[in-house]
Amino acid sequence: MSRTIAVTGATGFIGAMLVDHLLAAGWNVRALVRSRSAHRIAEKPGLETVTGSLQDDKSLHRLVQGAAAVVHCAGAVRGSTAADFNAVNVDGLQRLVRAALSLSPRPRFLLLSSLAARAPELSHYASSKHQGELALAAMAEDMKWVALRPPAVYGPGDKEMLPLFQWMERGIALVLGEPHARVSLLYVEDLCAAVLSWLDADSCRCGVYELNDTQTGGYSWDEIIAKVSTLRAKRITRLRLPAALLRLMARINVAVARLIGYAPMLTPGKVRELRHPDWVADNSALTAAIGWQPVFPMEQGLQRTMGWGEGADSNRSVARPPE
């Protein structure tokens, strides 16, 4: 059996951590990297890189050749139009699936999707993730596949959740959602462990699976703030941003992005995601399928992410190689 895993998105927050975990667990990794991002991935034993993109069929075929599995972490998270997201999250995925299907034997295929795919009506991003899942299911034929839907993932190197925690550390909590909203979180190492568990599983029913951390039922904003306040022994002032203000900021950001030419993160669609009342995920189906369970409660995940005391020195720890 091949010990090579083909990985896309290896220079991103989740992908880089996953590559480390795969290498430490004894897998060889072949990573797709864009030429302008090649400097961001260091040479490591067992790591091979293929320069190319999801729009380049030749590089995709080199990437998957002889691989036991394909782990598709790459994704577009910034943009203001459907085309901005679909080019990677749908069209790029379809090209990668076709490359995998051309092989014999066919590799297993894992798509890192998003919990946002559960509500495709909210944003172009959520819709693209949902369409990607549907495309994989429709194209897969006899190829074994899963799509994982993590909630908000955080950890060392994260650029999306980290600013919110940094503001809390300064004593201000920017509350972006509804007071009654509940969200699940997931520490990045638990997500990597889920991928490794899937690779090690003898069988797993094809389908879409949600993930969350050790907190069943997710968190309210007040519960998240309270946990940070306890960890830092600091009073935190809540600053609730009204929906109207967020929508105005989003419209301005999109307009400026079009003038200057950058891909915006804060858009009207992102505001709808942030204001959605239910982002609670359920691990039970994935646990039943492969035996994976999260081990990091939010308190420990935050300590490792922010360098707060216990666990801070090991925030880049990875799974041990097999005996």
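The numbering scheme is per chain: residues are counted from 1 as the chain's sequence reads. Only residues with pLDDT of at least 70 are given local features in this predicted model, and only at 80 or more are side-chain atom pairs given and counted; all residues enter the totals for whole chains, interfaces and linings. No hydrogens and no water enter the side-chain calculation; it runs on all heavy atoms of the structure.

Engineer: Any details on the sheet that holds strand β9 (residues 182–183)? Residues and values, ideally.
Structural biologist: By way of backbone hydrogen bonds, the strands of a sheet pair with one another, either parallel or antiparallel. A pair of strands is considered paired only if DSSP assigns at least 2 bridges between the two. Helix numbering and strand numbering both begin at the N terminus, where a helix is a DSSP run of H or I of at least 4 residues and a strand a DSSP run of E of at least 2. Judged by pairing direction, the sheet is mixed, and its three strands sit side by side in the order β12-β9-β14 without closing on themselves. Two strands in the sheet have a free side with no partner beyond their single neighbour: β12 (219–220) and β14 (278–279). Relative to β14, β9 is paired through two bridges, and the arrangement is parallel. Within the sheet, the bridge partner assigned to V183 lies in β14 and is W279.

Engineer: Pulling in residues and values, what's your account of the packing of helix α5 (residues 162–169) against helix α7 (residues 221–232)?
Structural biologist: Between N-to-C directions, angles span 0 to 180 degrees; the directions come from axes that are lines fitted to C-alpha atoms, helices contributing only their stretch in contact. The interhelical angle for the contact between α5 and α7, taken along N-to-C directions, is 55°, at an axis separation of 10 Å. Judged on the interaxial angle alone, α7 and α5 are oblique. In this structure, α5 crosses over α7, and the sense of that crossing is right-handed. Listed contacts from α7 to L164, F165, M168 and E169 of α5 are W221, I224, I225, V228 and R232. Partitioning the contact of α5 with α7 into residue classes produces seven nonpolar, no polar and two charged. In what follows, roughly perpendicular refers to angles from 65 to 115 degrees, roughly parallel to angles under 35, roughly antiparallel to angles over 145, and oblique to any angle outside these ranges. By definition, any crossing whose near helix is turned counterclockwise from its far helix by less than a right angle is left-handed, and any crossing with a clockwise turn is right-handed. Contact between two residues is taken to exist if any of their heavy atoms lie within 4.5 Å; hydrogens are not considered. Side-chain classes follow a simple rule in which Ala, Val, Leu, Ile, Met, Phe, Trp, Tyr, Cys and Pro form the nonpolar group, Asp, Glu, Lys and Arg form the charged group, and the remainder, Gly included, forms the polar group.

Engineer: So what's going on with the pattern of salt bridges? Which residues, and what values?
Structural biologist: A side-chain nitrogen of Lys or Arg and a carboxyl oxygen of Asp or Glu constitute a salt bridge if their distance falls within 4 Å. For the structure shown, the criterion picks out 16 salt bridges. With its nearest N and O atoms 3.7 Å apart, the salt bridge here joins R232 to E169. Residue R232 is found in helix α7, and its partner E169 is found in helix α5; the two are separated by 63 residues along the sequence. Classification of residues uses two cut-offs on accessible area relative to the type maximum, computed with a 1.4 Å probe and protein chains only: under 20% is buried, over 50% is exposed, and between them is partly exposed. By relative accessible area, E169 is classed as partly exposed at 25%. With a shortest N-O distance of 3.0 Å, E178 and R275 are connected by a salt bridge. Within this pair, whereas E178 is found in the loop between β8 (172–175) and β9, its partner R275 is found in helix α9 (residues 268–275), the two being separated by 97 residues in sequence. On the accessibility criterion, E178 (26% relative accessible area) is partly exposed. Under the relative-accessibility criterion, R275 is labelled buried at 18%.

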